[in-house]
Amino acid sequence: MNAALPLLLLGLLLAAPAGAQPAVPAQSAQVAGFEDMKAARTALDELIRAYETGDVGLIQSRLDPGMIGYQRFIDGLRRDTTALKQIRLHLFEANVTAGPDVTMIEAAWEKRFFGVADFTPGVFRGRSTFLMHRAKEGWRLAAVSGDNPFSSEAGALATLSVMPAALPLGSLAPCPGAAVPLAIELVDPDLAGLNSVTIELASSQGDREGIVLTAVSPGRFRRSTTPVCQEFFAPIPGSGIVEVNAAAVPATLTFRYIDANPGANRPPATLMRSITIR
Amino acid sequence: MIVLGLASSSARAGTQLSDNSTVLSQFAQASGAPAPRLAPDEDGATRIEWHGGATVDFYSRSASGGATLTPYSGGHFHRIGMQSDLRGTASEGDVSWAQFALTQSDDPSAIMLGNSQINTLNVGRAGLGYRVAFGDVAVNHSSLGANLPLRGLLAQRYFGQTLVSASAGVIAESWEALADQGRRRMFLKNAYALKAESSFGQNLQAYATVQGYREDGDSVGANVLALVPSSGSTATAGLNWREGRYYLQAEGGLSRYGEKGLDGHRDRALIVDGGWQGDKLGLRLGHHDLGRYYASLSGLAGAGIRETYANASWQAAQWMSLTGDVRRSENRMAAPPVPPPPPTIPPTPVMPYTPFIGKTEAASLRAQINFPSVPGLGLGLSAGESHGKSSGGASNRSQNQGATLSYAAMAWNASLGYQNSKQSNSVTAGSDSRTDTWSASYGRNWSDATDVVPASWTLNATATASTQRQHLETGATAALNTLNLVISGERQPWGRLSAILGGSRGHDATGGGLRQYWYQLDAGRALGQRGGLRLYLRGTSSFQDRAAIAWRDRLAGIQLSYAF
């Protein structure tokens, strides 16, 4: 994208003489003010309280039936209210921008909850833009952009972390070897309820394995060790063990997870972390 | 779809007051703030107005439980909020403005990173047929094009019957994140958006938009994000038509999306929404089809959705209204994504895991009945059901029913409600369950108001109670009983006072006991014409008899405020 083009167009817009243009019917717009911002924020807070108490009916009554992804949103709400208990949604300081019929509320949030089956506590973090539209009945939620705190299925960006960032070759046992302390954690609120997920591990030497992470709380998957060993021949993809050719280090291990529904109106997104073996 | 209102040269045919009113409306639309009261000087010179305010909070909090259980930490904190709105109105009606709002706090639960945050930064000018704004600007072009807040520049101008709108800037988490790499948790996204809209007669408007973005992969520190930076561009065209009782909105778009170092995707989107609004009956029909790789700058355009719906609202009688909704929805995100080829080695399939359901059919019906023979008595009924299936054979089912009986009189109101829901999902069967919820409330208000004299004091009290049982398919049961009492009162000129006291008891699905209580006291009074004083006290105590999940917080604070 070349930023010069839009800036040039902006300049041309401003430079053009408006007085020479034909008449256009003036439109009367509603006046937005701080009271409108406050009312929109109050409406959002009401939705948050309804989500916390599992009042899906109230939330449903505040949505426009023409909202894109309405059913996916509702399905996710119902799944959350069934699978997560004692939900508490904490919004940090928000940035509120209002127009005559629209208010955009940008805020970071934290969602705390307990899993229904074993009452394991969990916390998700994200950042959202809540788009509120003014309707006859008051302010309605038109869309949530970014990480959706209300409805797990409607999309929240996952986080993937791998520790440590480097492993000495000497820490790897000869193949078939033993698991090394290479910790992997994936947090994907969209997958709350699943017992495990598989991420992909590929090495710069041509190995490729599926690595299974186990749920430690809803949407949080972890393993503390990873099967990596060293040898002196080419690795075998799909063997279940990451083989590192000791004669060709340094090598890079790349962990890859495709977040099917990352929110923010983003198509499926690739998350990658790499560590070095030297 | 929000239609932007801009004044134009035609406004000159009206009175001066009409012109100014239109311009002030534009200003309010542009800035998102109240339009100033226009009081031009006798000689028509520019009038400058400045409004603002400040609040200062000092509070002490004790908290326990740790970061997983509570967002709060203990200590003595302060929070300062400042707001300024400076406007100048020229004699010809053009309005210039500068708005600024800032929050400063040392409480980590108020501001996520750092101790200050700019809430609003906006300067601009609006006049006949044009508007330009810089700072926090709300780009509102279309559902499939651009619909998001941007930190940058916005310019709009009429060329005859055609409105041209252009924006360019950066999508960043905050102004602080824009300035400081250490406060970024997402890539900075450089974006632009263009729109041209023209009217054809009284009933039809057509528009076209072009927008694009590119994430700056170097804008965040190493190891902060695992995400691969992406870029996308979109072109859309649409129309809005309204004639009599009929209306139609449609937009189509094409997009290109790519992640750095990986293959890109092209995709498309189409939305059509229409309806008919009669005196007692309103009908809406719509179809949305957005590809899973459709990438736009619109918060409204969720990718990977195909849905068709019909919705009707009918005032069947003076005492009864009905709302019905049927829809078929496909979540294309449910299918395992096609893995992009890695940079160095051939691809292998990604495991097809997902709790999402691919195709869903849903219907719901709501009725509101007001009994004419008993004024104030109402009955609300609702029922809904949905079935979903995914290509992998997974399925889900959701059923819900509810009824609420309410009565409202002059001095009191009461309600009794029942909700029942059943959820099942073959992928996450551990939470399959049936939930029953009963709720009741009683409210009462008192005051010294008479038919001719307004109240000098008021007192309101509301008690609510609910009981919920969730029966899991595994045989376990979770239960929670909740009681809450809210009392609020106001007396002139003393001030106002509100109090909340509540608690809940129950057990989770493992049989562990759940005990919580909470309280809140809030008192405030005015200090002169512009000042205010507020004292508050609140606390929550949860599960203190279960050390692993116990958390508690208590807070006491004072707030001083001043507005000018």
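Please read these numbers as outputs of a predicted model, since none were measured by experiment.

Caption draft 1: Up close: the side chain of Thr81(A). All names here are of chain A. As for its position among the elements, Thr81 is in helix α4 (residues 70-83). Relative accessible area serves as the criterion here: at 18%, Thr81 is assigned to the buried category. Setting aside anything within four residues of it in sequence, one finds Thr81 in contact with Tyr51, Gly54 and Val56.

Caption draft 2: Region of interest: the sheet that holds strand β17 (residues 269-277) of chain A. All names here are of chain A. In spatial order, the strands read β6-β10-β13-β12-β11-β16-β17-β7; together these eight strands make up an open sheet with mixed pairing. Looking at strand neighbours, the two that pair on one side only are β6 (159-163) and β7 (166-167), the edges of this open sheet. Here three bridges tie strand β12 (residues 208-217) to strand β13 (residues 220-223), and the two strands are oriented antiparallel to one another. Following the sheet pairing, Thr214 is matched in β13 by Arg222.

Caption draft 3: Examining the state of the cysteines more closely. Residue and element names in this part refer to chain A. Under the counting rule described, the total for this entry stands at one disulfide over all chains. Here Cys175 engages in a disulfide with Cys229; their sulfurs sit 2.0 Å apart. Residues Cys175 and Cys229 share a disulfide whose torsion about the S-S bond is about 85°; that sign makes it right-handed. Of this pair, Cys175 sits in the loop between β8 (173-174) and β9 (179-180) while Cys229 sits in strand β14 (residues 226-231), and the two are 54 residues apart along the sequence. Look at Cys175 and you get partly exposed, because its relative accessible area is 27%.

Caption draft 4: Structural context of the pattern of salt bridges. Within this structure, the stated rule accounts for 29 salt bridges over all chains. Between Asp80(A) and Lys111(A) there is a salt bridge; the shortest N-O distance is 3.5 Å. Linking Asp80(A) in helix α4 with Lys111(A) in strand β3 (residues 102-115), this pair joins segments that are 31 residues apart in sequence. No difference in accessibility class separates Asp80(A) from Lys111(A), as the two residues are buried. Of the charged contacts, one joins Arg208(A) and Glu200(A) as a salt bridge, the two residues approaching to 2.6 Å between their closest N and O atoms. Taken as a pair, Arg208(A) and Glu200(A) share a single burial class, namely buried. A single salt-bridge network, built from bridges that share partners, covers Glu106(A), Asp136(B) and Arg151(B).

Caption draft 5: Spatial organisation of the pairing of β14(A). Residue and element names in this part refer to chain A. The element β14 is extensively covered by neighbouring structure, given that six of its six residues are classed as buried. In this structure, β8 lies alongside β14, joined through two bridges in parallel fashion. Counterpart to Pro174 in the pairing with β14 is Gln230. With two bridges joining them, β9 and β14 adopt antiparallel strand pairing. In the strand pairing of β14, Val180 is matched with Thr226. Pairing of β14 with strand β15 (residues 242-245) involves four bridges; the strand directions are parallel. The residue bridging Cys229 from the neighbouring strand is Glu243, located in β15.

Caption draft 6: Expanded view of the pairing of strand β17 (residues 359-370) of chain B. Residues and elements named next belong to chain B. Of the strand pairs in this sheet, strand β16 (residues 320-331) and β17 are connected by eleven bridges, and their pairing is antiparallel. Bridge pairing in β17 places Arg327 opposite Ala362. Looking at chain direction, β17 and strand β18 (residues 377-389) are connected through twelve bridges and run antiparallel. Among the inter-strand pairings, Ser364 is bridged to a residue of β18, identified as Gly384. The turn linking β17 back onto β18 is made up of six residues, and Gly376 within it adopts a positive phi angle of 100°.

Conventions used here
Residues numbered from 1 in each chain as written. Chains lettered and ligands numbered in written order. Predicted model: local features only at pLDDT ≥ 70, side-chain atom pairs only at ≥ 80, totals over all residues. Heavy atoms only, no water. Helix = DSSP H or I, 4+ residues; strand = E, 2+ residues; numbered from the N terminus. Buried < 20%, exposed > 50% of the residue type's maximum accessible area, 1.4 Å probe, protein only. Contact = heavy atoms within 4.5 Å. Pairing = 2+ DSSP bridges. Disulfide = S-S within 2.5 Å. Salt bridge = Lys/Arg side-chain N within 4 Å of Asp/Glu carboxyl O.

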